[in-house]
Amino acid sequence: MSAPKKTAIVALAVMGALMGTAALAEKGGMGMGGEMGMGMGGEGRGAMLARMFDTIDADSDGKVTLAELQAHRKAEFAAADTNGDGALSPEELSAHQLARMQERMAERTQAMLDNMDNDGNGSLSEDEMGEGPGERNFARLDTDNDGAISKAEAEEAMQHRRKRGHGWGMGDH
């Protein structure tokens with residue numbers, strides 16, 4: 001079997017494992033990657049896999065082995081099991097999820113500053129923030145061209161995005 005084919009198979013296996021943990025999170029459990037079924041801002045599983053890959057790839061060889069995946073899951077469980085009893089209580093699950101969400105939010109905040117802080121002062125002015133997704137898409141959302149978006153137009157736009165497989169997160173354009 002060729003190296004690219006092996007890499008693709010490993011990537012699919014990792015994605016499957018992460019999707020399984022995401023499905024567990026959606027059912028009330030926790031994905032041991034610390035991920036919920038849909039990340040903040042509409043992050044999909046592909047973005048989740050790409051972000052998690054380097055963390056799981058312990059020897060940084062560009063590949064994830066089953067042993068690395070299992071070690072990562074075990075370490076994530078141990079980190080969440082703060083009282084060391086071998087079980088995750090609702091409080092431990094919530095604390096672990098909150099910590100992961102805060103990490104992602106800090107990363108996204110820094111990325112926003114890196115991308116938008118034109119004067120380099122470490123903060124964003126109203127001008128640097130620019131238009132939001134609603135403003136950028138206003139004309140498209142106002143399907144009857146009356147200069148306003150009705151609740152029905154907003155719901156129609158959301159349904160259209162769901163059918164196309166898109167979330168409605170802050171990063172969507």
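Residues numbered from 1 in each chain as written. Predicted model: local features only at pLDDT ≥ 70, side-chain atom pairs only at ≥ 80, totals over all residues. Heavy atoms only, no water.

**Some details on the overall build of the protein chain**
- A count of helices and strands for the protein chain gives eight helices and zero strands.
- Reading the secondary structure of the protein chain in the N-to-C direction produces α-α-α-α-α-α-α-α.
- Taking contacts inside the protein chain between residues at least 6 apart in sequence as the whole, the part at least 24 apart equals 41%.
- For the protein chain, the accessible area works out to roughly 11,200 Å², and carbon and sulfur atoms hold 58% of it. (Helix = DSSP H or I, 4+ residues; strand = E, 2+ residues; numbered from the N terminus. Contact = heavy atoms within 4.5 Å. Areas by Shrake-Rupley, 256 points an atom, 1.4 Å probe, with all protein chains shown as cover.)

**Things to note about the confidence of the model for the protein chain**
- Here the protein chain shows a mean pLDDT of 77. Residues at 70 or above account for 68%.
- Scored below 50 in pLDDT, residues 17-42 shows 63 contacts in the model against residues more than four places distant or in partner chains.
- Taken as a whole, residues 168-173 scores under 50 in pLDDT and shows 16 contacts with residues more than four places along the chain or in a different chain. (pLDDT = per-residue confidence, 0-100.)

**So, the nonpolar core**
- Counting five residues, the largest nonpolar core is built from Met-52, Phe-53, Ile-56, Val-64 and Leu-69.
- The element best represented in this core is helix 2 (residues 45-56), accounting for three residues. (Core = buried A, V, L, I, M, F, W, Y, C linked by side-chain atoms within 4.5 Å. Buried < 20%, exposed > 50% of the residue type's maximum accessible area, 1.4 Å probe, protein only.)

**Description of helix 4 (residues 90-116)**
- Here helix 4 is 27 residues long and its end C-alpha atoms lie 38 Å apart, about the 39 Å a rise of 1.5 Å per residue gives.
- All of the buried residues along helix 4 are Glu-92, His-96, Gln-97, Arg-100 and Arg-104. (Expected span 1.5 Å × (residues − 1).)

**A word on the pattern of salt bridges**
- Evaluated as defined, the whole model comprises two salt bridges.
- A salt bridge links Glu-76 to Arg-100, with the nearest nitrogen and oxygen atoms 2.9 Å apart. In this pair, Glu-76 is assigned in helix 3 (residues 66-80) and Arg-100 in helix 4, connecting sequence segments 24 residues apart. An identical accessibility class is assigned to Glu-76 and Arg-100; each is buried.
- One salt bridge in this structure joins Arg-100 and Glu-103, with 3.9 Å as the shortest N-O distance. Of this pair, Arg-100 and Glu-103 both sit in helix 4, three residues apart, roughly one helical turn.
- Within the structure, one salt-bridge network assembled from shared partners comprises Glu-76, Arg-100 and Glu-103. (Salt bridge = Lys/Arg side-chain N within 4 Å of Asp/Glu carboxyl O.)

**Describing unusual backbone geometry**
- Phi at Ser-60 is positive, roughly 50°, even though this residue is not glycine.
- Counting through the fold element by element, Ser-60 comes out in the loop between helix 2 and helix 3.
- In this structure, Asn-145 is a non-glycine residue whose phi angle is positive, near 55°.
- In this fold, Asn-145 is placed in the loop between helix 7 (138-141) and helix 8 (151-163).
- On the basis of relative accessibility, which here comes to 65%, the residue Asn-145 falls in the exposed class.

**Examining helix 3**
- Its 15 residues place the ends of helix 3 21 Å apart at the C-alpha level, agreeing with the 21 Å of an ideal helix rising 1.5 Å per residue.
- Considered for burial, the residues of helix 3 that qualify are Glu-68, Leu-69, His-72, Glu-76 and Ala-80. Along the axis of helix 3, the buried positions cluster into a sector of 105°, meaning they face one direction only. In helix 3, the exposed positions that point more than 90 degrees away from the buried face belong to Leu-66, Ala-67, Lys-74 and Ala-78. (Arc of directions from axis to C-beta.)

**Digging into the environment of Asp-54**
- Topologically, Asp-54 is positioned in helix 2.
- With relative accessibility at 62%, the residue Asp-54 sits in the exposed group.
- Put simply, Asp-54 and Val-64 are 10 residues apart on the chain and 8.7 Å apart in space, counted from C-alpha to C-alpha.

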